[in-house]
Amino acid sequence: MSAGVILVIEDEQSIANVVRIALERDGRRVICVRTGEEGLAELPRHRVDLVVLDIGLPGMDGLEVCRRIRADSSLPIIMLTARDEEADRVAGLELGADDYVPKPFSPRELAARVKAVLRRGTAAPRADELALAGVTLSRPRHEVHVGGRPIELTATEFELLAFFMENPGLLFSREVLLDRVWGLDYPGGTRTVDQHVAQVRAKLGRPELIETVRGAGYKAVRQ
Ligand code: CA
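So, a few notes on the structure that sits alongside this text. (Residues numbered from 1 in each chain as written. Predicted model: local features only at pLDDT ≥ 70, side-chain atom pairs only at ≥ 80, totals over all residues. Heavy atoms only, no water.)

### Some points on helix α7 (residues 174-182)
Along an α-helix, residues three or four positions apart point the same way, because every turn accommodates 3.6 residues. Taken together, the buried positions of α7 are occupied by Val176, Leu177, Leu178, Val181 and Trp182. Within two residues after α7, Gly183 carries a phi angle of roughly 105°, on the positive side. (Buried < 20%, exposed > 50% of the residue type's maximum accessible area, 1.4 Å probe, protein only. Helix = DSSP H or I, 4+ residues; strand = E, 2+ residues; numbered from the N terminus.)

### Here we look at the packing of helix α6 (residues 155-166) against helix α8 (residues 191-204)
For the pair α6 and α8, interaxial distance at closest approach is 10 Å and the crossing angle is 85°. Here α8 runs roughly perpendicular to α6, going by the angle between their axes. Side by side, α6 and α8 meet where Thr156, Glu157, Leu160, Leu161 and Phe164 of the first sit next to His196, Val197, Gln199, Val200, Lys203 and Leu204 of the second. For the contact of α6 with α8, the class distribution of residues is six nonpolar, three polar and two charged. (Axes fitted to C-alpha atoms, helices over the stretch in contact; angles between N-to-C directions. Parallel < 35°, antiparallel > 145°, perpendicular 65-115°, else oblique. Contact = heavy atoms within 4.5 Å. Nonpolar A, V, L, I, M, F, W, Y, C, P; charged D, E, K, R; others polar.)

### Details of the nonpolar core
Of all hydrophobic cores here, the largest spans 30 residues; its most connected members are Val144, Leu161 and Leu204. Looking at this core, the elements with two or more residues in it are β6 (129-132), β7 (135-138), β8 (143-146), α6, α7, α8 and β12 (217-220). It is α6 that provides the largest number of residues to this core, a total of seven residues. Not counting residues up to four positions away in its chain, the partners in contact with Val144 are Val135, Thr136, Leu137, Arg149, Pro150, Ile151, Leu153, Phe158, Leu161 and Leu204. Core analysis: the second largest hydrophobic core is formed by 20 residues, Ile31, Ile55, Leu57 and Met79 among them. (Core = buried A, V, L, I, M, F, W, Y, C linked by side-chain atoms within 4.5 Å.)

### What about unusual backbone geometry?
A negative phi angle characterises most non-glycine residues, just as the trans form characterises most peptide bonds. Lys103 connects to Pro104 through a cis peptide bond whose omega is -5°. Relative to the elements of secondary structure, Pro104 occurs in the loop between β5 (99-102) and α5 (107-121). Phi at Ala133 is positive, roughly 50°, even though this residue is not glycine. Considering the arrangement of structural elements, one finds Ala133 in the loop between β6 and β7. A relative accessible area of 33% means that Ala133 is categorised as partly exposed. The phi torsion at His142 lies on the positive side, around 50°, for a residue other than glycine.

### Examining the coordination of the calcium ion
Around the calcium ion, the protein contributes the donor atoms Asp11 (OD), Asp54 (OD) and Gly56 (O), which lie 2.2 to 2.4 Å from the metal centre. Ordering the donors of the calcium ion by residue number gives the pattern D-x42-D-x1-G. Of this pair, Asp11 sits in the loop between β1 (5-9) and α1 (13-24) while Gly56 sits in the loop between β3 (50-54) and α3 (62-72); the two residues are 45 residues apart in sequence, bridging distant segments of the chain. In this structure Gly56 comes out as partly exposed when scored by relative accessible area, which is 38%. (Donors = N, O, S within 2.8 Å, 3.2 Å for Na, K, Ca; no water.)

Structural data, given as C-alpha coordinates:
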(Lines give C-alpha, C1' and ligand atoms only; values in the text may rest on other atoms or scores of the structure.)
Protein backbone atom coordinates (compact mmCIF):
# COMPACT_ATOMS: atom_id res chain seq x y z
CA MET A 1 0.00 0.00 0.00
CA SER A 2 1.41 3.34 -1.06
CA ALA A 3 1.96 6.01 1.61
CA GLY A 4 0.10 8.48 -0.57
CA VAL A 5 0.48 10.78 -3.53
CA ILE A 6 0.46 14.46 -2.59
CA LEU A 7 -0.13 17.23 -5.13
CA VAL A 8 1.55 20.47 -4.03
CA ILE A 9 0.32 23.68 -5.68
CA GLU A 10 2.76 26.42 -4.65
CA ASP A 11 4.43 29.08 -6.80
CA GLU A 12 7.35 29.77 -4.44
CA GLN A 13 10.05 27.26 -5.27
CA SER A 14 11.74 27.43 -1.86
CA ILE A 15 8.49 26.64 -0.02
CA ALA A 16 7.59 23.89 -2.49
CA ASN A 17 11.00 22.34 -1.81
CA VAL A 18 10.46 22.38 1.96
CA VAL A 19 7.08 20.70 1.48
CA ARG A 20 8.55 18.10 -0.88
CA ILE A 21 11.39 17.17 1.47
CA ALA A 22 9.07 16.97 4.49
CA LEU A 23 6.61 14.66 2.75
CA GLU A 24 9.09 12.49 0.85
CA ARG A 25 10.76 11.76 4.18
CA ASP A 26 7.48 10.06 5.15
CA GLY A 27 7.61 7.94 1.99
CA ARG A 28 5.04 9.95 0.08
CA ARG A 29 5.18 10.66 -3.64
CA VAL A 30 5.10 14.41 -4.22
CA ILE A 31 4.05 16.19 -7.41
CA CYS A 32 4.78 19.94 -7.42
CA VAL A 33 3.15 22.48 -9.74
CA ARG A 34 3.30 26.27 -9.65
CA THR A 35 -0.20 27.36 -10.68
CA GLY A 36 -3.78 26.42 -9.91
CA GLU A 37 -4.46 25.74 -13.57
CA GLU A 38 -1.60 23.20 -13.71
CA GLY A 39 -2.80 21.65 -10.47
CA LEU A 40 -6.32 21.10 -11.77
CA ALA A 41 -4.87 19.61 -14.96
CA GLU A 42 -2.63 17.20 -13.01
CA LEU A 43 -5.37 15.95 -10.68
CA PRO A 44 -7.09 13.45 -12.99
CA ARG A 45 -3.72 12.11 -14.20
CA HIS A 46 -2.73 10.63 -10.84
CA ARG A 47 -4.31 8.90 -7.92
CA VAL A 48 -3.86 11.92 -5.65
CA ASP A 49 -4.55 11.36 -1.94
CA LEU A 50 -4.21 14.93 -0.72
CA VAL A 51 -3.60 18.45 -2.06
CA VAL A 52 -1.36 21.01 -0.37
CA LEU A 53 -2.62 24.29 -1.76
CA ASP A 54 -1.11 27.77 -1.42
CA ILE A 55 -3.68 30.57 -1.30
CA GLY A 56 -1.51 33.20 -3.00
CA LEU A 57 -0.94 31.91 -6.52
CA PRO A 58 -0.41 33.73 -9.82
CA GLY A 59 -3.51 33.49 -12.02
CA MET A 60 -6.27 31.48 -10.37
CA ASP A 61 -5.86 31.86 -6.60
CA GLY A 62 -5.91 29.04 -4.07
CA LEU A 63 -9.46 29.74 -2.92
CA GLU A 64 -10.77 29.34 -6.46
CA VAL A 65 -8.74 26.13 -6.90
CA CYS A 66 -10.23 24.83 -3.64
CA ARG A 67 -13.73 25.70 -4.82
CA ARG A 68 -13.20 23.87 -8.11
CA ILE A 69 -11.79 20.74 -6.48
CA ARG A 70 -14.68 20.73 -3.99
CA ALA A 71 -17.21 21.10 -6.81
CA ASP A 72 -16.81 17.43 -7.59
CA SER A 73 -14.70 15.71 -4.95
CA SER A 74 -14.01 15.34 -1.25
CA LEU A 75 -10.25 15.01 -1.81
CA PRO A 76 -8.44 16.23 1.34
CA ILE A 77 -7.03 19.76 0.97
CA ILE A 78 -4.56 21.52 3.27
CA MET A 79 -4.18 25.24 2.56
CA LEU A 80 -0.97 27.18 3.06
CA THR A 81 -1.66 30.71 4.27
CA ALA A 82 0.41 33.77 5.17
CA ARG A 83 0.12 34.98 8.74
CA ASP A 84 -1.89 38.06 7.78
CA GLU A 85 -4.42 36.16 5.68
CA GLU A 86 -6.89 35.33 8.40
CA ALA A 87 -9.90 36.20 6.20
CA ASP A 88 -8.58 33.90 3.45
CA ARG A 89 -8.02 31.14 5.97
CA VAL A 90 -11.62 31.31 7.13
CA ALA A 91 -12.80 31.43 3.52
CA GLY A 92 -10.69 28.36 2.72
CA LEU A 93 -12.24 26.36 5.54
CA GLU A 94 -15.70 27.50 4.50
CA LEU A 95 -14.98 26.30 0.97
CA GLY A 96 -14.23 22.87 2.39
CA ALA A 97 -10.47 22.82 2.96
CA ASP A 98 -9.69 20.21 5.64
CA ASP A 99 -6.99 22.17 7.41
CA TYR A 100 -4.60 25.07 6.97
CA VAL A 101 -0.98 25.62 7.86
CA PRO A 102 0.19 29.22 8.37
CA LYS A 103 3.53 30.28 6.87
CA PRO A 104 6.22 30.10 7.98
CA PHE A 105 5.81 26.48 9.05
CA SER A 106 8.25 23.80 10.03
CA PRO A 107 8.56 20.75 7.77
CA ARG A 108 7.68 18.58 10.75
CA GLU A 109 4.48 20.51 11.43
CA LEU A 110 3.33 20.20 7.84
CA ALA A 111 4.12 16.47 7.71
CA ALA A 112 2.12 15.96 10.93
CA ARG A 113 -0.89 17.83 9.54
CA VAL A 114 -0.79 15.78 6.34
CA LYS A 115 -0.63 12.58 8.31
CA ALA A 116 -3.57 13.62 10.52
CA VAL A 117 -5.79 14.62 7.60
CA LEU A 118 -5.00 11.43 5.68
CA ARG A 119 -5.74 9.32 8.75
CA ARG A 120 -9.09 11.04 9.15
CA GLY A 121 -9.88 10.39 5.50
CA THR A 122 -8.98 6.72 5.48
CA ALA A 123 -10.62 5.77 8.78
CA ALA A 124 -13.70 4.36 7.07
CA PRO A 125 -13.20 0.72 6.05
CA ARG A 126 -13.92 -0.31 2.48
CA ALA A 127 -17.62 -0.98 2.25
CA ASP A 128 -18.75 -4.43 1.12
CA GLU A 129 -22.22 -3.15 0.27
CA LEU A 130 -22.32 -0.16 -2.06
CA ALA A 131 -25.28 1.86 -3.28
CA LEU A 132 -25.35 4.69 -5.80
CA ALA A 133 -28.16 6.18 -7.87
CA GLY A 134 -30.43 3.15 -7.58
CA VAL A 135 -27.63 0.63 -8.20
CA THR A 136 -26.55 -1.69 -5.36
CA LEU A 137 -23.42 -3.84 -5.32
CA SER A 138 -22.47 -6.54 -2.83
CA ARG A 139 -18.83 -7.61 -2.82
CA PRO A 140 -19.24 -10.74 -0.68
CA ARG A 141 -22.11 -12.06 -2.80
CA HIS A 142 -20.70 -10.65 -6.06
CA GLU A 143 -24.13 -9.29 -6.95
CA VAL A 144 -25.33 -6.15 -8.65
CA HIS A 145 -28.95 -4.97 -8.67
CA VAL A 146 -30.57 -2.08 -10.49
CA GLY A 147 -33.88 -1.10 -8.95
CA GLY A 148 -34.01 -4.58 -7.35
CA ARG A 149 -33.34 -6.39 -10.66
CA PRO A 150 -30.17 -8.58 -10.73
CA ILE A 151 -27.53 -7.75 -13.37
CA GLU A 152 -24.88 -10.17 -14.67
CA LEU A 153 -21.42 -8.63 -14.93
CA THR A 154 -18.05 -10.15 -15.77
CA ALA A 155 -15.38 -10.00 -13.06
CA THR A 156 -13.69 -6.98 -14.66
CA GLU A 157 -16.96 -5.13 -15.23
CA PHE A 158 -17.82 -5.81 -11.59
CA GLU A 159 -14.50 -4.39 -10.36
CA LEU A 160 -14.81 -1.35 -12.61
CA LEU A 161 -18.33 -0.62 -11.35
CA ALA A 162 -17.27 -1.17 -7.73
CA PHE A 163 -14.38 1.25 -8.19
CA PHE A 164 -16.69 3.96 -9.53
CA MET A 165 -19.24 3.34 -6.77
CA GLU A 166 -16.53 3.59 -4.12
CA ASN A 167 -15.44 6.94 -5.53
CA PRO A 168 -18.62 8.84 -6.41
CA GLY A 169 -18.11 12.20 -8.06
CA LEU A 170 -14.35 11.74 -8.58
CA LEU A 171 -12.85 12.09 -12.03
CA PHE A 172 -10.42 9.40 -13.18
CA SER A 173 -8.34 9.32 -16.35
CA ARG A 174 -8.30 6.13 -18.43
CA GLU A 175 -4.69 5.54 -17.34
CA VAL A 176 -5.59 5.69 -13.65
CA LEU A 177 -8.56 3.37 -14.20
CA LEU A 178 -6.32 0.86 -16.00
CA ASP A 179 -3.89 1.02 -13.10
CA ARG A 180 -6.53 0.72 -10.37
CA VAL A 181 -8.89 -1.84 -11.91
CA TRP A 182 -6.74 -3.88 -14.28
CA GLY A 183 -3.40 -3.51 -12.52
CA LEU A 184 -0.15 -1.85 -13.47
CA ASP A 185 1.20 -4.66 -15.62
CA TYR A 186 -1.90 -5.00 -17.79
CA PRO A 187 -0.59 -4.87 -21.37
CA GLY A 188 -3.76 -3.54 -23.06
CA GLY A 189 -4.42 0.06 -24.00
CA THR A 190 -6.85 2.63 -22.66
CA ARG A 191 -9.44 1.62 -25.27
CA THR A 192 -10.13 -1.35 -22.99
CA VAL A 193 -11.47 1.10 -20.42
CA ASP A 194 -13.87 2.67 -22.94
CA GLN A 195 -15.16 -0.76 -23.97
CA HIS A 196 -15.79 -1.87 -20.41
CA VAL A 197 -17.47 1.39 -19.41
CA ALA A 198 -19.77 1.00 -22.44
CA GLN A 199 -20.59 -2.60 -21.45
CA VAL A 200 -21.32 -1.66 -17.84
CA ARG A 201 -23.56 1.20 -18.95
CA ALA A 202 -25.43 -1.04 -21.37
CA LYS A 203 -25.95 -3.84 -18.86
CA LEU A 204 -27.10 -1.50 -16.09
CA GLY A 205 -29.35 0.50 -18.39
CA ARG A 206 -28.17 3.54 -16.41
CA PRO A 207 -25.82 5.38 -18.77
CA GLU A 208 -25.93 8.47 -16.54
CA LEU A 209 -24.28 6.59 -13.65
CA ILE A 210 -20.82 6.90 -15.24
CA GLU A 211 -20.27 10.21 -16.95
CA THR A 212 -17.75 10.78 -19.75
CA VAL A 213 -15.65 13.89 -19.16
CA ARG A 214 -14.32 14.89 -22.55
CA GLY A 215 -10.58 14.82 -22.85
CA ALA A 216 -10.19 13.81 -19.21
CA GLY A 217 -11.79 10.46 -18.37
CA TYR A 218 -14.80 9.21 -16.47
CA LYS A 219 -16.58 9.85 -13.21
CA ALA A 220 -19.53 8.36 -11.40
CA VAL A 221 -22.39 10.61 -10.33
CA ARG A 222 -22.14 11.87 -6.80
CA GLN A 223 -25.36 10.27 -5.58
CA1 CA B 1 2.44 32.00 -3.09
